[in-house]
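# Structural description and commentary
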Amino acid sequence: GTFAILTVWSGIPPFCFILFFTQMGFGEHIYYTIALEMGEHGYALALGLAVFMFTLYMLDADEWTSHCGSIFLDFFILTIVFGLVLLVLLIADRFPYGMVCLFAVFHPLWLLAFKLMFYGEKDTRTFVSWLSGPLFFISIVIVVAWTAWVFSDPDNEWNIVARVVAAERTGCEPNYENYENCRKEPGSEETCFYVEKNDGKESLKFPDGCDQNCTRVYNDCLNGFILWIGPVLISMTTFFLSFFCTFLRTGKSYHSTLRHHKIPFSYGSVDDTTPLFPLLFPPPHQCAFFLEGAREKDVLNFGVVWIFLIFAMWVTTSLAGTAAGVAAALAALTLASFVASAMFVAVSFSKAERNQNAAAVFERLRQKYGKHLDVGRALFVVTCAPIVLLYLGFSTVNQFIRRIGIFPCSQPPGEEGGLFTSRTRTQVDVMKSWDRAKVYTFAVYWGIAFMIMQVIVANLTVVFLSWIIEATEGLGLAPITAIMCAVGVMMFLLPPVPGVPVYLTLGIVLPAEGHKTLGWAGSILYCTGVGVVLKLFSSALQQKGIGQNLSHYVKVRQFVGINSILMKAMRLVLDKEGLSVPKVSILIGGPDWPTSVLCGIMRLSLPQIMLGTTPIIFLIFPTCLSGALLYMASVKDETGNPEFAWAGTISAITLSVTAIVQFGSMIGKKLREDV
């Protein structure tokens with residue numbers, strides 16, 4: 001019925017996008033036609049759109065409230081939207097992730113159009129909640145279809161040969177800045193290596209004097225990778241939208257919430273003036289705590305999974321040599337997904353509700369995180385300072401136009417006058433009220449963090465892992481295992497460090513040596529066993545050594561967040577006798593250090609906690625497998641071609657499986673409660 005109809009309608013945009021803008025369909029041919037043949041007109045179109053929007057801003061178009069003004073404004077908005085879509089198509093060769101971001105923004109509009117046409121009488125929030133299941137189903141179908149497509153033909157796999165071929169097909173120019181010796185001839189734009197096809201199989205050929213690392217000249221070429229990974233990105237945006245639809249559900253009634261948490265309620269007094277329905281429960285603010293806690297936990301869990309998905313893709317592409325570009329693509333995709341979700345939020349509430357909810361959210365943020373708002377303001381300064389200066393310049397010109405009165409529909413300049421418009425003056429006054437010394441200090445910290453993540457980490461990931469593998473080569477499997485266990489225990493004892501990066505590193509380093517004696521399959525199983533033992537040993541240290549013996553220290557409790565809503569909920573579940581699905585889900589999917597230390601603070605039984613943590617093997621195995629496959633993808637034969645051409649593709653799939661396992665462990669308790 002409704003589910004099938006909504007699934008079909010919701011699946012039309014993803015199907016069309018995959019068909020026309022990814023490698024699974026006709027994406028490359030359309031890409032060549034639009035981007036390469038007509039891309040030169042992109043700059044002219046961008047300039048025209050910028051001038052047009054600037055003119056509308058100067059003329060206060062957002063204040064055209066008359067009937068005629070509204071018609072013109074709607075027409076101009078449609079013109080801008082059409083122009084932006086065309087612009088994204090024309091600049092696809094320079095910003096290949098633009099189309100995915102455009103899909104993330106316009107998919108909700110497609111769904112809302114269906115609501116207006118066929119479900120106009122339904123409440124928007126109710127309709128949006130219906131979309132959760134169909135969107136989630138579509139995201140799964142897309143991943144399954146993409147996986148089947150990848151394995152249907154070896155040419156559909158992604159490896160170093162495919163990256164070079166895709167870069168040459170899409171016209172991406174090699175970057176010789178650090179690889180001058182990789183030119184075919186001095187001053188030539190051709191590479192010293194080339195792709196040769198024999199018996200339908202493509203391989204790289206490196207003539208004498210051409211280093212095998214010369215393939216790095218194409219590290220900045222994202223075009224082919226985005227066309228190949230496009231269906232996965234579409235699945236991620238659809239999954240993101242599905243979560244937000246779930247988040248907007250009306251959820252449990254106050255009655256069921258009170259009953260679930262065993263809060264007493266009464267019918268109250270009834271007289272002739274009382275409405276027909278009884279007063280079944282207390283005022284909303286009395287159970288708002290529980291609804292707020294559940295909502296916060298849902299958002300936190302999903303945020304962790306989303307961050308892990310991005311981290312997994314970043315690690316994969318970092319080892320493949322395209323980390324910097326993919327980081328920008330993932331950041332743009334995340335921003336577009338949030339914009340799309342904000343559209344659903346906007347249309348799910350009336351204007352009065354939106355204003356009321358926004359005010360409540362900001363007030364709650366101020367109360368809960370008031371001491372840390374300067375950190376967010378600092379990020380705003382670092383990322384938006386040039387935009388703010390440009391905005392102030394535009395406001396000055398807008399105020400000048402208002403003063404001279406050349407356009408009758410312009411707003412008055414304001415009684416107090418001034419250089420800026422009234423709205424801008426209010427915004428400037430708010431920024432003046434900030435503690436600017438703290439804000440600028442945190443801005444410097446943000447800059448340092450950016451340099452560490454974007455430059456140092458991105459460039460040293462491969463170097464560090466390569467150094468470990470090279471330094472430990474010849475030591476034997478036992479000494480390497482001892483070294484990695486020592487490093488792993490130290491990492492686990494640090495509060496901010498999660499377990500997944502440790503397991504991933506084990507999967508990369510141990511099979512690099514272990515496959516010589518145990519084979520690839522045996523070394524992966526060995527790595528998994530080491531990861532399980534390492535996790536259990538570290539958890540025991542955290543529980544007994546830190547949680548139980550140091551529980552009287554305030555700093556330890558502060559690091560755990562003992563009074564946070566999330567930790568209070570975890571304590572309620574962990575304090576129950578025996579092992580249950582929610583309890584095991586917390587031990588597996590909860591944050592590593594805080595969960596183990598919390599068990600120590602609560603004086604829980606160590607053997608029981610160790611037994612409940614054992615199913616962590618279902619998370620460790622796919623993570624170690626992913627690490628091993630990432631290493632296998634980097635192994636080359638004597639000709640410079642990948643020895644395991646399929647390994648890079650399989651690693652992307654296993655990382656997705658790891659994320660699914662992590663997500664399943666996180667929501668296990670909630671699903672149990674809902675049933």
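About the criteria used
- Residues numbered from 1 in each chain as written.
- Predicted model: local features only at pLDDT ≥ 70, side-chain atom pairs only at ≥ 80, totals over all residues.
- Heavy atoms only, no water.
- Phe/Tyr/Trp six-rings, centres within 6.5 Å; stacked < 30°, edge-to-face > 60°.
- Helix = DSSP H or I, 4+ residues; strand = E, 2+ residues; numbered from the N terminus.
- Buried < 20%, exposed > 50% of the residue type's maximum accessible area, 1.4 Å probe, protein only.
- Core = buried A, V, L, I, M, F, W, Y, C linked by side-chain atoms within 4.5 Å.
- Patch = residues over 30% accessible without salt bridge, like charges linked within 9 Å, V, L, I, M, F, W, Y side chains within 5 Å.
- Areas by Shrake-Rupley, 256 points an atom, 1.4 Å probe, with all protein chains shown as cover.
- Salt bridge = Lys/Arg side-chain N within 4 Å of Asp/Glu carboxyl O.
- Lys, Arg positive; Asp, Glu negative; His and termini not counted.
- Charge placed at Lys NZ, Arg CZ, Asp CG, Glu CD.
- Disulfide = S-S within 2.5 Å.
- pLDDT = per-residue confidence, 0-100.
- Contact = heavy atoms within 4.5 Å.

## Topic: the packing of aromatic side chains
Two aromatic rings are characterised by how far apart their centres lie and by the angle between their planes. For the coordinates displayed, the defined rule picks out 24 aromatic pairs. With a centroid separation of 6.2 Å and 85° between ring planes, the pair formed by phenylalanine 559 and tryptophan 593 is classed as edge-to-face. Residue phenylalanine 559 is found in helix H19 (residues 554-560), and its partner tryptophan 593 is found in helix H22 (residues 592-601); the two are separated by 34 residues along the sequence. By relative accessible area, which is 55% here, phenylalanine 559 ends up exposed. Looking at tryptophan 593, the relative accessible area reads 4%, which means it is buried.

## Section: the nonpolar core
Core analysis: the biggest nonpolar cluster contains 29 residues, and Trp146, Phe225, Ile226, Trp228 and Ile229 have the highest contact counts within it. Put simply, the parts of the chain that give this core at least two residues each are helix H1 (2-21), helix H4 (67-90), helix H5 (98-118), helix H7 (132-152), helix H8 (160-169) and helix H9 (223-247). No other element matches H9, which puts eight residues into this core.

## Looking at a positive patch on the surface
On the surface, a cluster of positive charge is made up of Lys544, Arg557, Lys568, Arg571 and Arg603. As for its placement among the helices and strands, arginine 603 is situated in the loop between H22 and helix H23 (606-613).

## Regarding the environment of leucine 131
Along the polypeptide, leucine 131 turns up in the loop between helix H6 (124-130) and H7. It is 9.8 Å that separates the C-alpha atoms of leucine 131 and threonine 2, two residues lying 129 residues apart in sequence.

## Remarks on the state of the cysteines
Taken as a whole, this structure holds two disulfides when the rule is applied. There is a disulfide in this structure between cysteine 182 and cysteine 214, and the S-S distance comes to 2.0 Å. The chirality of the disulfide connecting cysteine 182 with cysteine 214 is left-handed, given an S-S dihedral of about -80°. You can see cysteine 182 sitting in the loop between H8 and strand E1 (194-198) and its partner cysteine 214 sitting in the loop between strand E2 (201-205) and H9, a full 32 residues away along the chain.

## Re the confidence of the model for the protein
Per-chain confidence: the protein averages 75 in pLDDT, with 73% of residues scoring 70 or above. Ranking the helices and strands of the protein by mean pLDDT puts H23 first, with 91, and helix H10 (residues 254-260) last, with 42. Of the regions scoring below 50 in pLDDT, residues 319-325 engages in 15 contacts with residues more than four places distant in sequence or in other chains. Predicted confidence is poor over residues 668-675, with pLDDT under 50, and the contacts of this stretch with residues over four places away or in other chains come to 12 contacts.

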